[in-house]
Amino acid sequence: MTLASFNTHDILHPLDLAARQQLEKIPGLQTAAKKYRSMIADRRDRARLLSNAIRLGPHQVPDVYNLLPPICTAFGIEEPELFLMPGPANALTTGHSRTCVVIHNELFLDLPEDEIQAVLAHECGHILAEHVLYRQMALAVFGGMGALSGKAGMVAALLSEPLKVALLDWYRKSELTADRAAVAFMGGPEELQRALFHLHGIPKWLPKEQISYAAFAAQADEFDAAMSETKLDRFLLRQLDNEATHPNPALRLREIQRWAESETFRQVMAIAKAPGTAGIGGTDPEPCGGCGRPVRADWLYCQGCGKDLKATAGANS
């Protein structure tokens, strides 16, 4: 495991960046986001977790909890609360103002400890990249999967169809940034690749010599070729995307491999820097003029208060 500290710009996937910029250009997003902030009570969501889930900590399942703090230190993020709930092997991050990571108990049946830490690093990657607000809105559009608040669907009803499509497209692509964060923290792709295999049916007791990541990644190349030949193929591809909350696993694993083999990843691994310093290709974020929250250079609007950052930049130039 690397001890480097990471900046968002170190791990931001270009598809995530492009989809987010496209999303924020669509009229109505910020109106919906402000309405969401006013209607969705993080306090109520946290109360549901406190009453229905087990909060892990130094004195509550410490062997699992202790996987989290090193990730938060490396990412330079405030430590989220970590909750354990019954359910199928999965994890999610929720809470815009007070963030919580929720893991489901069947993860322990499917994954060994190092892969669970890779999953936690993936979830913390969403926090590092400031994905939480838009992802909660997208979950409402998906039908409330993982959205803890009952009012989420009311906000989803305010979104136009083009905005819904763009929001869900960005949601899927944001997973690629979180995958990069997990690979960077773990120091390589092995743990996350194994986790993806185990979550998609490969039993964890199977010897790794019987697993081929290259063969699975090759399926993604075959998929690309098969689904780009005719208009019908492209239509079916869009339908596959519209039904999914995550990128297709073969495509996702291929992106993980490409990231791990890239020069940027090698540079990230070569740099060990103190928390709070600038990463590769980026500088420390400037504060928002409205709420004081740090904002990224690629944002059009502040995720804390919705302030139009481009208008502010124009006024200051």
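It should be emphasised that the depicted structure is a prediction, and the values quoted were computed from it without experimental measurement.

Peer 1: How should I be thinking about the pairing of strand β2 (residues 81-85) in this particular structure?
Peer 2: If a strand is regular, its side chains alternate between the two faces of the sheet. In terms of burial, β2 is largely enclosed, as four of its five residues are buried. Two elements, strand β1 (residues 54-56) and β2, share three bridges in a ladder whose sense is antiparallel. From the neighbouring strand, leucine 56 faces β2, where its bridge partner is leucine 82. Relative to strand β4 (residues 100-104), β2 is paired through five bridges, and the arrangement is parallel. Its bridge partner being in β4, glutamate 81 is matched across the sheet by cysteine 100.

Peer 1: Explanation requested: the environment of alanine 218 in the structure shown.
Peer 2: By the secondary structure assignment, alanine 218 is in helix α13 (residues 213-226). For alanine 218, a relative accessible area of 37% puts it in the partly exposed group. Sequence-wise, alanine 218 and leucine 251 are 33 residues apart; in three dimensions their C-alpha atoms are separated by 9.2 Å.

Peer 1: What is the right way to look at the packing of aromatic side chains in this model?
Peer 2: The relative placement of two aromatic rings is captured by the distance of their centres and the angle of their planes. For the structure on display, the rule yields five aromatic pairs. When the ring of tryptophan 259 is compared with that of phenylalanine 265, the centres are 5.4 Å apart and the planes differ by 70 degrees; the resulting orientation is edge-to-face. For phenylalanine 265, a relative accessible area of 6% gives the class buried. One aromatic cluster is present, formed by Phe197, Tyr213 and Phe216 through successive ring pairs.

Peer 1: Please clarify how helix α12 (residues 190-199) should be interpreted in this entry.
Peer 2: Note on helix geometry: an α-helix contains 3.6 residues per turn, so any two residues three or four positions apart are oriented the same way. Burial analysis of α12 places eight of its 10 residues in the buried class, which makes it a mostly covered element. Where α12 is concerned, the buried positions are Glu191, Leu192, Gln193, Arg194, Ala195, Leu196, Phe197 and His198. In this structure, the buried side of α12 is in contact with α7 (107-110), α8 (113-128), α11 (161-186), α13 and α15 (249-260). Backbone geometry just downstream of α12 places glycine 201 in the positive-phi region, at approximately 115 degrees.

Procedures and definitions
- Residues numbered from 1 in each chain as written.
- Predicted model: local features only at pLDDT ≥ 70, side-chain atom pairs only at ≥ 80, totals over all residues.
- Heavy atoms only, no water.
- Buried < 20%, exposed > 50% of the residue type's maximum accessible area, 1.4 Å probe, protein only.
- Helix = DSSP H or I, 4+ residues; strand = E, 2+ residues; numbered from the N terminus.
- Pairing = 2+ DSSP bridges.
- Phe/Tyr/Trp six-rings, centres within 6.5 Å; stacked < 30°, edge-to-face > 60°.
- Contact = heavy atoms within 4.5 Å.

Keep in mind these numbers describe shape, not what the thing actually does.
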